[in-house]
Structures are given as C-alpha cells and as structure tokens.
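# Structural overview for review
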Amino acid sequence: MKRENVVGRANVEDTPELEAYYRALEGEELGALWNVANEIEPWYPQPKSVPTLWAWKRVEPYVRKAAQLVSAEKAARRVVMLVNPGRKEWSAAAGLLYTGVQVMNPGEFTSAHRHQASALRFVMEGKGAYTVVDGERMTLGARDFVLTPNGTWHDHGVDADGTQCTWQDGLDIPLMNSLDANFYEVHPKVVQTPAALSRENWKKPYSPVFLYKWDEAYRQVKRDGVHEYTNPLTGGPVMPTMGARLELIKETRPKRHTGSLIYQVAAGRGWSEIGGKRFDWEEKDIFCVPSWTEYRHGAHGEAVLFCFNDIPAMKALALYREET
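Just so you know, these numbers come straight off a predicted model, no measurement behind them. (Residues numbered from 1 in each chain as written. Predicted model: local features only at pLDDT ≥ 70, side-chain atom pairs only at ≥ 80, totals over all residues. Heavy atoms only, no water.)

### Section: the overall build of the protein chain
In terms of helices and strands, the protein chain carries seven helices and 24 strands. Out of the 324 residues belonging to the protein chain, those deemed buried represent 48%. Carbon together with sulfur atoms contributes 52% to the accessible area of the protein chain, which is approximately 16500 Å² in total. The average position of the 39 basic charges and that of the 42 acidic charges among the side chains of the protein chain differ by 5 Å. (Helix = DSSP H or I, 4+ residues; strand = E, 2+ residues; numbered from the N terminus. Buried < 20%, exposed > 50% of the residue type's maximum accessible area, 1.4 Å probe, protein only. Areas by Shrake-Rupley, 256 points an atom, 1.4 Å probe, with all protein chains shown as cover. Lys, Arg positive; Asp, Glu negative; His and termini not counted. Charge placed at Lys NZ, Arg CZ, Asp CG, Glu CD.)

### Some words on the pairing of strand β20 (residues 277-281)
In this sheet, β20 lies alongside strand β19 (residues 270-274) in antiparallel orientation, the contact comprising five bridges. In the sheet register, W271 faces β20, and the bridge partner there is D280. (Pairing = 2+ DSSP bridges.)

### Structural notes on the pattern of salt bridges
The final tally for this structure, using the stated rule, is 19 salt bridges. The partner of K284 in a salt bridge is E125, with the nearest N and O atoms 2.6 Å apart. Pair noted here: K284 is in the loop between β20 and β21 (286-289) and E125 is in strand β7 (residues 119-125), with a separation of 159 residues, a long-range link. For E302, the salt bridge is made with K222, and the minimal N-O distance between the two is 2.8 Å. Of this pair, E302 sits in the loop between β22 (295-299) and β23 (304-309) while K222 sits in helix α6 (residues 214-224), and the two are 80 residues apart along the sequence. Residue E302 is classed as partly exposed on the basis of its relative accessible area, which comes to 40%. For K222, a relative accessible area of 43% puts it in the partly exposed group. One network of salt bridges, with partners in common, ties together E60, R64, E125 and K284. (Salt bridge = Lys/Arg side-chain N within 4 Å of Asp/Glu carboxyl O.)

### Some points on the nonpolar core
Of all hydrophobic cores here, the largest spans 49 residues; its most connected members are L120, F145, Y229, L246, I262, F306 and F308. Residues in contact with I262, not counting those within four places in the same chain, are A93, A94, L97, T99, Q168, I286, F287, C288, F306, C307 and F308. If you look at the next biggest cluster of nonpolar residues, it comprises 14 residues, including I249, W281, L305 and I311. (Core = buried A, V, L, I, M, F, W, Y, C linked by side-chain atoms within 4.5 Å. Contact = heavy atoms within 4.5 Å.)

### Observations regarding the pairing of strand β9 (residues 136-140)
Side chains of β9 alternate between two faces, with E136, M138 and L140 buried and R137 and T139 left unburied. As consecutive antiparallel partners, strand β8 (residues 129-133) and β9 are separated by two residues, and within that stretch D134 has a phi angle of approximately 45°, a positive value.

### A few points about unusual backbone geometry
Backbone geometry at A76 places phi at a positive 70°, although glycine is not the residue there. When you line up the elements, A76 lands in the loop between α4 (72-75) and β4 (79-81). When its relative accessible area of 33% is taken as the criterion, A76 is described as partly exposed. Unlike most non-glycine residues, S91 shows phi in positive territory, near 50°. Along the chain, the position of S91 falls in the loop between β4 and β5 (98-104).

### Some thoughts on the sheet that holds β5
An order of β4-β5-β12-β7-β10-β14 is seen for the six strands of this open sheet, with the pairing classed as antiparallel. With one partner strand each, in any of the chains shown, β4 and β14 (211-212) form the two edges of the open sheet. For β5 and strand β12 (residues 165-171), the ladder comprises seven bridges, and the chain directions are antiparallel. Paired with V101 across the strands is Q168, a residue of β12. Its contacts with the sheet put helix α3 (residues 56-69) on β4, β5, β7 and β12, and the angle it makes with β5 is roughly 50°. (Axes fitted to C-alpha atoms, helices over the stretch in contact; angles between N-to-C directions.)

### Describing the packing of aromatic side chains
Scanning the model with the defined rule gives 14 aromatic pairs in all. With a centroid separation of 6.1 Å and an interplanar angle of 50°, the aromatic rings of Y21 and Y22 are classed as tilted. Judged by its relative accessible area of 7%, Y22 falls in the buried class. Taking the centre distance of 4.4 Å and the plane angle of 40° together, the rings of F145 and Y229 count as tilted. Of the two residues, F145 sits in strand β10 (residues 145-148) while Y229 sits in strand β15 (residues 226-229), which places them 84 residues apart along the sequence. We note that F145, like Y229, is buried. (Phe/Tyr/Trp six-rings, centres within 6.5 Å; stacked < 30°, edge-to-face > 60°.)

### Notes on the environment of P149
With respect to the element layout, P149 can be found in the loop between β10 and β11 (154-158). For P149, a relative accessible area of 1% corresponds to the buried category. A C-alpha to C-alpha distance of 13 Å links P149 and A244, two positions 95 residues apart in sequence. The residues touching P149, leaving out its near neighbours within four places in the chain, are A119, V133, Y206, F210 and M239.

### With respect to the environment of S49
Among the secondary structure elements, S49 is positioned in the loop between α2 (37-40) and β3 (52-54). When the C-alpha atoms of S49 and M138 are compared, they prove to be 35 Å apart, with 89 residues separating the residues in sequence. Of the polar contacts made by the side chain of S49, one reaches the backbone nitrogen of G95; its length is 2.7 Å. (Polar contact = N/O pair within 3.5 Å; in protein donor to acceptor, adjacent residues only side chain to side chain.)

Here's what the structure looks like:
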C-alpha cells in the first residue's frame, strides 16, 4: 500500500517490515511524522468549526425554561451554551471561543469568582441587571457591553425591582484550556462589597473602562460604519485575547481571515453568506464565522451587528492573515 502525500502522508510504500516498525513506534509512544505531516501541518487552516446560526426564536424557549428548572444559586452560572457541531469537545461556539446566553430573574445573583479566561457580556434584554468587577458596581441596560477581564473578581445579578434579564456571555475558555493555562477561584465572600476602583497609573493589560454604553456606541457606529470597542489608554483591543466591535451592515465584499468571529444581531434584519451557505438573521440571533472561512454580509434596511473575536490573540502571536 502506498501512503500518498496528497492526503497527508509521504510517498512511502508500506511493507510488512514498515507496518511492524509503525506498531513498534506506537508501543513506545512514538510516531512517524511522514505519515501525518499534512494532517497536523495543513497547507492552509482547516477549521473543525462549521458556520452555524442560533436563531433566537429557537434558543429563547430553552433559555426561559432554564430559569424555571434550575435556580441561579444552584447552577452558579445558569447559561445555555451555544455549541458548534464541529467543536463539541471544547464546548466552543467557533474555534477557541465560547459563548452562551445567561438568564437571571429579579432578585437573583451569582456568587463572586474569578478565572484565567477573559470574559465579556452583551446585554440582550431586561432592566435592573448589574455586574460588579473588582468591587466596582455597574448598572447594565439593553445592548450595553461590559468586560470582566481575566483575573478580576466579578459577580452579577438583577435588582429585586428589575425584570428577567438575558445577556450573551463570551469567553476564551477553550483557548485557556488548550494552553493548559486555566484557573478558577471562588471569592472568600459570596458577593463583593462595592467600592471605588482606582485607575491611577493603570498598568494592567486590559482596558480601564469596563462598561461601554449602547447609546454612545450606536452614535459612533452610525457615524463611522464600524465601531471598535477599545482600551482608551492604548487605542488597542479591550483585552489581550479578545476584541469586540459594532458593524453597521451594508452589503460587503467577500473576505476571510485567521481568527474566529461570533456575531449577535443588535438591531435590524439581514443575511450572511459564510462558507458558501446563506444565513438569514434578525434581532438577537447569534451566528459564527470560523477562521479562514469566506464570508460577507447584507442588510434589509438598517442593521447593526455586535461581534466579538479572538483577533487580538492572532495579532499578538503574529498569526493574523486576511484576504479580500
């Protein structure tokens, strides 16, 4: 049998002696690179993630049901995960990015904790939601964007006089796990005591601004077409491993790049072609663009997409490449 290099192996004829050699290698936890070279080092990115759209009208009933079946206290984080069919082993939505929809009822709250994974939230609906990050309490409204950078203590909940709230969580948990670098820690108190956070001589690798309000971001995207959420001290991404932006959608030219994208429809209706497949979307739908997958967008009237991505990690590692 000939092992063809076109399918990832060198042009080597198998012989009984070679087959025995391969079995002996496996017995010693060894292997022959020429048998797998193009599989582990492909000619171009071969993402396991597939373009996927999670329509809110299909997801919402499960999110509401979770709030009836499981208490926020017992679940710790009552989240319905959005899992890509090709990345189930990582519980990832695309590539090494995780996302899910969290739901909280009035008066509920999570216990305070911190982790190595960076996290962000985009509020979908409701009144009275709040997040506390390193002691700073922030009130959240619909379409607000908030950070809980890696290593920061955080807890969140909904005021007793609020309404049921939902928000999209985005984290780089799969990236941290793939690097064997994840940590998780519970705060010594159930919830933090709110306190002013000093930003004097800020040297941390993430933005000193944790809350980005919708009204201002919407004005910016209406004016510029794209609004990047940035660290105001550096002009760079809000966190070292993840970035976020708003896009005012007009019909775009096809492009592809390294780095995965998770989109949520902040407003309006439209469509996207991703990897040759068309997805029609409307407000609160969530969809993904896997790395190195060609995509383009179009809108029916005005439409705004929220996007978070791992492009800052790609650029920091000098791995970003784009084709239009």
